[in-house]
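# An overview of the molecular structure
Listed below, chain by chain, are the residues.
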Amino acid sequence: MTKNTHLRLTCRVACLLVCTHNVDLVGFARRDREGNELNVHPLLFITVSFKGDVSMSHYRLDEQIDHLRRSGISFEIMSESDARRFLSENTYYFKIKAYRHNYRRDEYGRYSCDFAHLVELSRIDISLSRLCLDHCLAIEHALKVWLNARLMNETDPGMAERIVREAGIKGWEDQTAASSNPYVERLVEHCQADRSLWHWWELGTFASQIRLYKSYCKIKGEDAVLEHLLFIVRKLRNAVSHGCCLLSDVTIMVPTQAVGAQGGVPYDTQVLRQGMWLCGRDPHSKGVRKSSLGKSYRRLIVHNYSTMLYTYLRLVNSRGMFKHSVEDVQKLNKRMENKLEEYFGRKPKMSMEQNPEVYRTIRALIEIGRGYCARVEERTCDGHTTD
């Protein structure tokens, strides 16, 4: 069924739609719901003919390239033929074009970047996501190891049962999707509804592991100092495990506590101070928020990445795990630095970076990674790790 959709537009919005959507624009008088022509000034309208929902239509490869060109994406650094190959073999159009959000539009809605810039961001993103997923899974495992170590030194024989009861975890809502998972079917059949703490370690969600940790701390009268950090790690783990882009918009901010002349104060003071410590900065300095690194902590990816590495440092005790972690972080840093200056940094005779938001965000991630590696070295040299 073919349908026409009429929207009243200004000239600027019309130009914007031409650049960003696969549409045609025509000029005609407005009509009411009964189809009667209204006496209005001639304006631009949009008409879209489609079968089904226009949002479900797809672009063929030629249309993808054409749409990128019309939205302002150039093919000077990376040729059009290489871009076609990349779109066909390495990624898909909807994902790669998401990185455009790191660039501002002109008055006509056109971006000013090369396809190579989008590719570079996507490649950094996948390296960052893989590292985050590996570290988040290791943190979840380390949390269970931490609790198990505490229980082995516990004099109360009923502590494990008390932890489960205090946490209130029960039923399928606290369990991973195990009903169709052949790797845990036997365990589910074995324990049924009568599940001990160690059963929940294998079957429970990350959220339920955090609740078990919190309940133990409550029983022992201790502060659950890692609870908030673990919540952040869980959110990051969920994002990367589902293939979400971490760098599609580096300007996404963390929640703010109050909005003032500086555009808002970071709500998460805990993460900011721990991040400053991680990087070898004074976390209690009066100017910590106003520093370049401090301002970067307002950005979600910087905030989350720092939290993940700090939590890893606090929970993990294995020297071997730290060794692999440092190698991976150093490898990521090298990858992020590869074309950072060329694509996003300041060129000769330029007053500022080509893309200040991307450049400063990645610089912050690199500094956090270096600080983390230095802290790991301190910890392993002090003998606070196991083989």
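Use the structure listed above.
Note that the structure is predicted; figures quoted are calculated from it, not measured.

A word on the side chain of Arg 237. Relative to the helices and strands, Arg 237 resides in helix 10 (residues 227-241). Here Arg 237 falls in the buried class, since its relative accessible area comes to 15%. For Arg 237, the contacting residues outside a window of four places in its chain are Leu 133, Cys 136, Leu 137, Glu 140 and Phe 206.

Let us now look at the packing of aromatic side chains. Two aromatic rings, taken as a pair, are described by how far apart their centres are and by the angle between their planes. Evaluation of the coordinates by the stated rule reveals 9 aromatic pairs. Pairing Trp 146 with Tyr 216 gives two aromatic rings, centres 5.8 Å apart and planes at 85°, and the pair type is edge-to-face. Of this pair, Trp 146 sits in helix 5 (residues 115-152) while Tyr 216 sits in helix 9 (residues 206-220), placing them 70 residues apart in sequence. Taking relative accessible area as the criterion, Trp 146 reaches 21% and is therefore assigned partly exposed. A network of ring pairs unites the aromatic residues Phe 75, Phe 86 and Phe 115 as a single cluster. Here Arg 195 stacks its cationic end above the ring of Trp 200, 5.2 Å away from the centre of that ring. The ring of Trp 277 is capped by Arg 375, whose NZ or CZ atom sits 4.0 Å from the centre of that ring.

With that out of the way, let us pick up the nonpolar core. Among the nonpolar cores identified, the biggest contains 78 residues, and Phe 115, Leu 128, Tyr 305, Met 308 and Tyr 372 are the most heavily contacted of them. For this core, the element with the highest residue contribution is helix 5, accounting for 14 residues. Those residues in contact with Tyr 372 that sit more than four places away from it in its chain are His 135, Leu 278, Leu 309, Tyr 312, Leu 313, Phe 322, Ser 325 and Val 329.

For the rest of this paragraph, the subject is the environment of His 199. With respect to the secondary-structure elements, His 199 resides in helix 8 (residues 197-203). By relative accessible area, which is 12% here, His 199 ends up buried. Distance from His 199 to Leu 187, taken between C-alpha atoms, is 7.9 Å for residues 12 residues apart in sequence. The residues contacting His 199, other than those within four sequence positions of it, are Leu 187, His 190, Cys 191 and Asp 194.

Two quantities define a packed helix pair, namely the angle between the axes and the distance from one axis to the other. Look at helix 5 against helix 9: their axes get within 11 Å of each other, and the N-to-C directions meet at 30°. Judged by the inter-axis angle, helix 5 sits roughly parallel to helix 9. Helix-helix and strand crossings are classified by hand; for helix 5 and helix 9 the assignment is left-handed. Residue-level inspection shows Cys 136, Glu 140, Leu 143, Lys 144, Trp 146, Leu 147 and Arg 150 of helix 5 in contact with helix 9, the latter providing Phe 206, Gln 209, Ile 210, Leu 212, Tyr 213, Tyr 216 and Cys 217.

We now examine the packing of helix 2 (residues 61-70) against helix 3 (residues 80-89). Following both chains from N to C, one finds helix 2 and helix 3 inclined at 120°, their axes separated by 11 Å at the closest point. Classed by the angle they form, the pair helix 2 and helix 3 counts as oblique. Relative to helix 3, helix 2 is oriented so that their crossing is right-handed. Residues Leu 61, Asp 62, Gln 64, Ile 65, Leu 68 and Arg 69 of helix 2 form the contact with helix 3, whose own contacting residues are Glu 80, Ala 83, Arg 84, Leu 87 and Ser 88. Class assignment of the residues belonging to the contact of helix 2 with helix 3 gives a composition of 5 nonpolar, 2 polar and 4 charged.

What counts, and at which threshold
- Residues numbered from 1 in each chain as written.
- Predicted model: local features only at pLDDT ≥ 70, side-chain atom pairs only at ≥ 80, totals over all residues.
- Heavy atoms only, no water.
- Helix = DSSP H or I, 4+ residues; strand = E, 2+ residues; numbered from the N terminus.
- Buried < 20%, exposed > 50% of the residue type's maximum accessible area, 1.4 Å probe, protein only.
- Contact = heavy atoms within 4.5 Å.
- Phe/Tyr/Trp six-rings, centres within 6.5 Å; stacked < 30°, edge-to-face > 60°.
- Lys NZ or Arg CZ within 6 Å of the ring centre and 35° of its normal.
- Core = buried A, V, L, I, M, F, W, Y, C linked by side-chain atoms within 4.5 Å.
- Axes fitted to C-alpha atoms, helices over the stretch in contact; angles between N-to-C directions.
- Parallel < 35°, antiparallel > 145°, perpendicular 65-115°, else oblique.
- Left-handed = near helix turned anticlockwise from the far one by under 90°.
- Nonpolar A, V, L, I, M, F, W, Y, C, P; charged D, E, K, R; others polar.

Shape is all these values report; function is a separate question.
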